[in-house]
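Structural characterization, general
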There are 2 protein chains.
Amino acid sequence: MEKKLTITDIANIAQVAKSTVSRYLNGGPVSTKTREKIDKVVIENNYQPNTFAQSLKQKVNHTVGVIVPRLDSTAQVEMLRGLDAANKNDTFLIVNTYQSIERELAAIEKLRTQNVGGLIVLTANLNDELRAALADFDAPVVIQGQEEPSFHRVVMNDLASGTIVGEFAASLSPKNVLLLKIDETKDWAIGHDRFLNIQKRLSSTHITVVNSNFSIAEAKVVAQKAMQSQTFDLIIGATDRITIGALQAGLAMHQNAQYIGFGKSDLSTTVTPNLTSFEYDFYQTGKQIYKLFRMVRDNKPLNKIRIVIDGQLTIRDSTKK
Amino acid sequence: MEKKLTITDIANIAQVAKSTVSRYLNGGPVSTKTREKIDKVVIENNYQPNTFAQSLKQKVNHTVGVIVPRLDSTAQVEMLRGLDAANKNDTFLIVNTYQSIERELAAIEKLRTQNVGGLIVLTANLNDELRAALADFDAPVVIQGQEEPSFHRVVMNDLASGTIVGEFAASLSPKNVLLLKIDETKDWAIGHDRFLNIQKRLSSTHITVVNSNFSIAEAKVVAQKAMQSQTFDLIIGATDRITIGALQAGLAMHQNAQYIGFGKSDLSTTVTPNLTSFEYDFYQTGKQIYKLFRMVRDNKPLNKIRIVIDGQLTIRDSTKK
DNA sequence: TTGTAGGCGTTATCAC
DNA sequence: GTGATAACGCCTACAA
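Rules and cut-offs
- Residues numbered from 1 in each chain as written.
- Chains lettered and ligands numbered in written order.
- Predicted model: local features only at pLDDT ≥ 70, side-chain atom pairs only at ≥ 80, totals over all residues.
- Heavy atoms only, no water.
- Pairing = 2+ DSSP bridges.
- Helix = DSSP H or I, 4+ residues; strand = E, 2+ residues; numbered from the N terminus.
- Axes fitted to C-alpha atoms, helices over the stretch in contact; angles between N-to-C directions.
- Contact = heavy atoms within 4.5 Å.
- Buried area = accessible area lost by both parts, 1.4 Å probe.
- Salt bridge = Lys/Arg side-chain N within 4 Å of Asp/Glu carboxyl O.
- Polar contact = N/O pair within 3.5 Å; in protein donor to acceptor, adjacent residues only side chain to side chain.
- Nonpolar A, V, L, I, M, F, W, Y, C, P; charged D, E, K, R; others polar.
- Left-handed = near helix turned anticlockwise from the far one by under 90°.
- Near = heavy atom within 4 Å.
- Core = buried A, V, L, I, M, F, W, Y, C linked by side-chain atoms within 4.5 Å.
- Buried < 20%, exposed > 50% of the residue type's maximum accessible area, 1.4 Å probe, protein only.
- Arc of directions from axis to C-beta.

Here we take up the sheet that holds strand β1 (residues 63–68) of chain B. Residues and elements named next belong to chain B. Ordered by their spatial adjacency, six strands build an open sheet running β2-β1-β3-β4-β5-β11, and the pairing between neighbours is parallel. Each edge of the open sheet is held by one strand with a lone partner, namely β2 (91–96) and β11 (306–309). On average, each strand axis in the sheet is tilted by 15 degrees relative to the strand beside it, whichever way the strands run. Relative to β11, strand β5 (residues 152–156) runs parallel, the two being bridged by four bridges. Directly across from Val-154, in β11, lies its bridge partner Ile-307.

Right, here's the structure in full:
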């Protein structure tokens, strides 16, 4: 816990100029003899360069802010894992905004004052204010989750997913369907796109649509209420968690429905019955996001880039009667 | 996205010396007239001071590294939320180590080179190497989760919890008990302390002890295997997730047991039946950790400080026959 | 109250 | 290959 040594200190100890030490540290040309001298001193004193001084010079900041709406979500955590896996030499500053717009704005502002070298916004759900704040940001920005033409983005192909799920759902010939979705003003991709084609494919079936939030508990309450007046034979939830809430409601209300979820949580295979679910690979998505970010930072493309991630339907017990 | 303005730039524009601008920025004495001049320029140009240059002088680094073994855990995320809530003006650098010792060592090393102003290690599970690395760290370190006398720490009172759970379990007069725990070499607090007094209180009952990891899936597999040769009427899992895995195994194997978990996940109240669980308030724990960290950083106490968090048993349907 | 002149630790440029 | 020396952007005596 002694005070940190500087490049000057070890230069003095090793009897060389500090510029030589700097060269040594950065792999510049150094004679074997002096290299050994410096080696010794550096190791003995466990020298660590001062990052601030380095960054002060280098100007390129390798800290990138990652804004995530919540951490208690498999999708988010998997994307973070993907970012980590693809990461070359950046440091991620993860900021949890707890699904609050105000916190998100504050986070952007704080990250700005911290001069992060870029911004990755997961499950971006932008209003005009956020859009403006991000557009103003003086470093590359990549967002994920929503179709925002004015930003570089990685989006899930929710329209196509809906078609696939809708077709599969139709093939089950349900009589009375419950759709548990998210308010589309809160999450357009999930609340609107994901369900658009489901509803189209089931247009000849009786459908009840109810909004929930992302928690199991809320989904259970909402589903239970819907079940008081009707009996459903197919329930599609906007996420696995939501579907699980519905499943528990179904159990409590003794309704014997089939269930379909979205996501790739470990929950789907551990709940009984195992959940049929439309799955996105969020780990790979995270990698893609990082790659896109690097691309944007390095090449500063003129046009906004859009990457689309497809998923696939995995059929499990919850849709086998 | 223009190049950043410096304090010198705005000094030039405002026709004052840069030291005056610096004083202005730091609340030093500035006349109303010049203040207004500078105000104008700063706002118009949306000036942001360079954190690196600032930190280079200030020496006190307000970036705190937070090492967390996993993010897909209610306990961890709640502690992070507590840290956020208690946070005064630090920036947390969250590093997920994915439960890997190597990654944890690497994380410590990386955080060291980043000169973080401190370290908070959640659910610290230390081996000698980690212990050494942390002891060497040239900034305050606070750990959580394990009884490590050589570190400032916040620990859960797992011994007392075990007593409470054990007594309650005994009151259910079970005939055959399954304990699903964690390998004690992997997590002493949970694997050993948490179960020590449970086993004591149930010493006159037939007990089977099996190890699992923290995932629902693994717990289910392990429990199912145990159930092949025996029928249990009480199952106690080391965490809620583990208990839920067991519960699903029980369902699959048509065993009608009672269940007790540990933790405070939203799962316990959404699963059917609702889980009786010994609950710790990890959000408050997170706050405590931050307070302890601040205390340590500011006062540099000579002795290691230990804070103990108690929990409470919440009885729900899973132990009501 | 203001401005001048260092200095924080590092890297980059240039002579040597 | 090496070593002065000048930046980087900010802060802080100190002098004016």
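Each side of the interface is counted separately: chain B has 49 residues, and chain A has 49 residues. Each partner contributes to the roughly 4,100 Å² buried at the junction of chain B and chain A, and carbon and sulfur atoms together form 55% of this total. Inspection of the chain B/chain A interface yields zero salt bridges. Taken together, chain B and chain A are joined by four residue pairs in polar contact (both at pLDDT 80 or more). Secondary-structure elements contributing two or more residues to the side of chain B that touches chain A are α4 (51–58), α5 (74–86), β2, α6 (101–113), α10 (216–229) and α11 (240–252) of chain B. Residue composition of the side of chain B that touches chain A, by class: 20 nonpolar, 17 polar and 12 charged.

The next point concerns the packing of helix α8 (residues 158–171) of chain A against helix α9 (residues 188–201) of chain A. Residues and elements named next belong to chain A. Where α8 meets α9, the closest approach of the two axes is 7 Å, and the angle between their N-to-C directions is 35 degrees. The hand of the α8/α9 crossing is right-handed. Contacts between α8 and α9 involve Asp-158, Leu-159, Gly-162, Thr-163, Val-165, Gly-166, Glu-167 and Ala-170 from the first element and Ala-189, Ile-190, Asp-193, Arg-194, Leu-196, Asn-197, Ile-198 and Arg-201 from the second.

So, about the protein's contact with DNA strand C. Lining the immediate environment of DNA strand C, one finds 24 residues, of which A:Ile7, A:Tyr47, B:Ser19, B:Thr20 and B:Ser31 sit closest. For DNA strand C, the fraction of atoms within 4 Å of the protein that belong to sugar or phosphate moieties is 56%. Note that a base oxygen of DNA strand C is positioned 3.0 Å from one of the side-chain N or O atoms of A:Lys18. At 3.1 Å from a phosphate oxygen of DNA strand C is found a side-chain nitrogen or oxygen belonging to A:Ser22. Sort the elements by how many residues they give to the surface near DNA strand C and helix α4 (residues 51–58) of chain A lands first, with four residues. For the surface near DNA strand C, a count of residues per class yields nine nonpolar, 10 polar and five charged.

To continue, consider the nonpolar core. One finds A:Ile236 and B:Ile236 to be the most contacted residues of the largest nonpolar core, which totals 128 residues. Here B:Ile236 is in contact with B:Val165, B:Ala169, B:Leu178, B:Leu179, B:Leu180, B:Phe195, B:Ile198, B:Leu202, B:Ile260 and B:Phe262, once residues within four sequence places are set aside. Counting 36 residues, the second-largest nonpolar core is a separate cluster that includes A:Ile67, A:Leu130, A:Ile143 and A:Phe151.

Residue and element names in this part refer to chain A. Of the residues making up helix α2 (residues 18–25), those classed as buried are Thr-20, Val-21 and Tyr-24. Projected down its long axis, α2 carries its buried residues within an arc of 100 degrees, all on one side. Among the structural elements, α1 (7–14) and α3 (32–44) are those in contact with the buried residues of α2.

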